[in-house]
Amino acid sequence: MSAVPSAPVTARVSARIGGISESATLAVDAKAKALKAAGRPVIGFGAGEPDFPTPDYIVAAAAAAARQPKYHHYTPVAGLPELRAAIAGKTKRDTGYDVDAAQVLVTNGGKQAVYNAFAALLDPGDEVLLIAPYWTTYPEAIKLAGGVPVEVVTDETSGYLATVEQLEGARTPRTKALLFVSPSNPTGAVYPGDQVEAIGVWASEHDLWVVTDEIYEHLVYGDARMTSIAHSAGEKVVVVNGVAKTYAMTGWRVGWLIGPTDVVNAATNLQSHSTSNVSNVAQVAALAAVSGDLSAVAEMRAVYDRRRRTIVSLLSDIPGVVCPEPLGAFYAYPSVKGLLGVSLRGRVAQDSTALAEIILEEAEVAVVPGEAFGTPGYLRLSYALGDEDLAEGVARIAKLAVER
């Protein structure tokens, strides 16, 4: 009797979704929280999240909105008209970039703004220049839209800044867009104004789209200044931003996309079939945030600045660690190549992923390895955590590094 042929094995998850990598930053944060829940005294440098509460006046606006029946129903997909107008106004106020409310789409956080932007711009095979180190979501959003991320790698010797020459060297006939980020996650790099202008002019001359993520626009320190590339890159610019980092509102999930009206309309159509409108209560909270002054932001920035200087000093004292000074955001991105291939309490890491595991298990400190950001040999540490935890966490890493 002949054997019955077995049925073909069918993948249960589509190749498109199956190819998505888990968010490394959220994974590290989840593991750290799980260990803490189990009683381990883990200190987490993983999550890119302000440790401040949302300012009271923003919370009060949300509470009032929750009691108004008009916010209990669907509202326009693109966002509350008053919020769109306010975002246009704050954009002019904060970066000098003049846009109309019709050019604004309110999204469920900055991540959806990034996804919507690339979904609206890219066709299969289009290339996007992606400066590394990069935020973990960028390449996944590009690939989900059918695009191809083309990495332009920088390192600590340049302050993690890409040059026009590097970008031109990576450009091909398939290049459609450049993703530009300043201040940067994960490095804290801030591009000088003249370099921003040069890159914008180059992109415009080659008819490239520029998607610029400006969510850390207010978190710059010392003499650094945030310059929007929208001023020099011509008409083909999409700005993504949100309230999460500036106003300590990561959990409220309000971001936005600004661009030419045809792109915004296309992204709005996409959102109408995916998530519809953003929570109305959260939109009213965001309206209070972007319409208010920046005094609460200034207070938070002063604390971040103090922590920034502290963490750079402490990390730089560790043998085998090189930590450039971040000028923006709230991350340090040290090179830890000097800790690879050496014994740390009898364990040897050959890459920064393994090193992060050793640091978590031996020192009970959670950090994110550079592999998550496209550059092995580095670690990202968020300094958006309490001063005592910051000092204790780095001290544990230092102790591990010298106990070879």
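Above this text is the structure in question.
These lines cover the structure that appears in this document, whether it is placed above or below.

Conventions used here
Residues numbered from 1 in each chain as written. Predicted model: local features only at pLDDT ≥ 70, side-chain atom pairs only at ≥ 80, totals over all residues. Heavy atoms only, no water. Helix = DSSP H or I, 4+ residues; strand = E, 2+ residues; numbered from the N terminus. Pairing = 2+ DSSP bridges. Axes fitted to C-alpha atoms, helices over the stretch in contact; angles between N-to-C directions. Contact = heavy atoms within 4.5 Å. Parallel < 35°, antiparallel > 145°, perpendicular 65-115°, else oblique. Nonpolar A, V, L, I, M, F, W, Y, C, P; charged D, E, K, R; others polar. Patch = residues over 30% accessible without salt bridge, like charges linked within 9 Å, V, L, I, M, F, W, Y side chains within 5 Å. Areas by Shrake-Rupley, 256 points an atom, 1.4 Å probe, with all protein chains shown as cover. Salt bridge = Lys/Arg side-chain N within 4 Å of Asp/Glu carboxyl O. Buried < 20%, exposed > 50% of the residue type's maximum accessible area, 1.4 Å probe, protein only.

**As for the environment of Tyr304**
Here Tyr304 is to be found in helix α11 (residues 295-316). Sequence separation between Tyr304 and Ser232 is 72 residues; the distance between their C-alpha atoms is 30 Å.

**As for the sheet that holds strand β9 (residues 331-332)**
Spatially, three strands are ordered β9-β14-β13 in an open sheet, and the strand pairing comes out antiparallel. Of all strands in the sheet, those with a lone pairing partner are β9 and β13 (368-369), marking the two edges. Here two bridges tie β13 to strand β14 (residues 379-382), and the two strands are oriented antiparallel to one another. Paired with Val368 across the bridge in β14 is Arg380.

**Some thoughts on the sheet that holds strand β6 (residues 209-213)**
The pairing of strands in a sheet happens through backbone hydrogen bonds and is either parallel or antiparallel. One open sheet accounts for seven strands, arranged β2-β8-β7-β6-β5-β3-β4; its pairing is mixed. The open sheet terminates on both sides in strands that have one partner only, identified here as β2 (104-107) and β4 (148-153). Taken over all neighbouring pairs, the strand axes of this sheet differ in orientation by 20 degrees on average, direction set aside. The pairing of β6 with strand β7 (residues 237-242) spans four bridges and is classified as parallel. Counterpart to Thr212 in the pairing with β7 is Val239. Contacts between helix α5 (residues 109-121) and the sheet are confined to β2, β3 (127-132), β5 (175-181), β6, β7 and β8 (255-258), with β8 contributing the most and set at about 30 degrees to the helix.

**Observations regarding the packing of helix α12 (residues 352-363) against helix α13 (residues 387-402)**
Following both chains from N to C, one finds α12 and α13 inclined at 105 degrees, their axes separated by 10 Å at the closest point. Regarding the angle of α12 to α13, the classification is roughly perpendicular. Residues Ile358, Ile359, Glu362 and Ala363 of α12 form the contact with α13, whose participating residues are Arg396, Ile397 and Leu400. Across the contact of α12 with α13, the residue classes break down as five nonpolar, no polar and two charged.

**Let's talk about a nonpolar patch on the surface**
A cluster of nonpolar side chains, Val13, Ile17 and Ile20, forms an exposed patch at the surface whose accessible area comes to about 230 Å². Judged by its relative accessible area of 32%, Ile20 is partly exposed.

What is shown is where atoms sit, not what they do.
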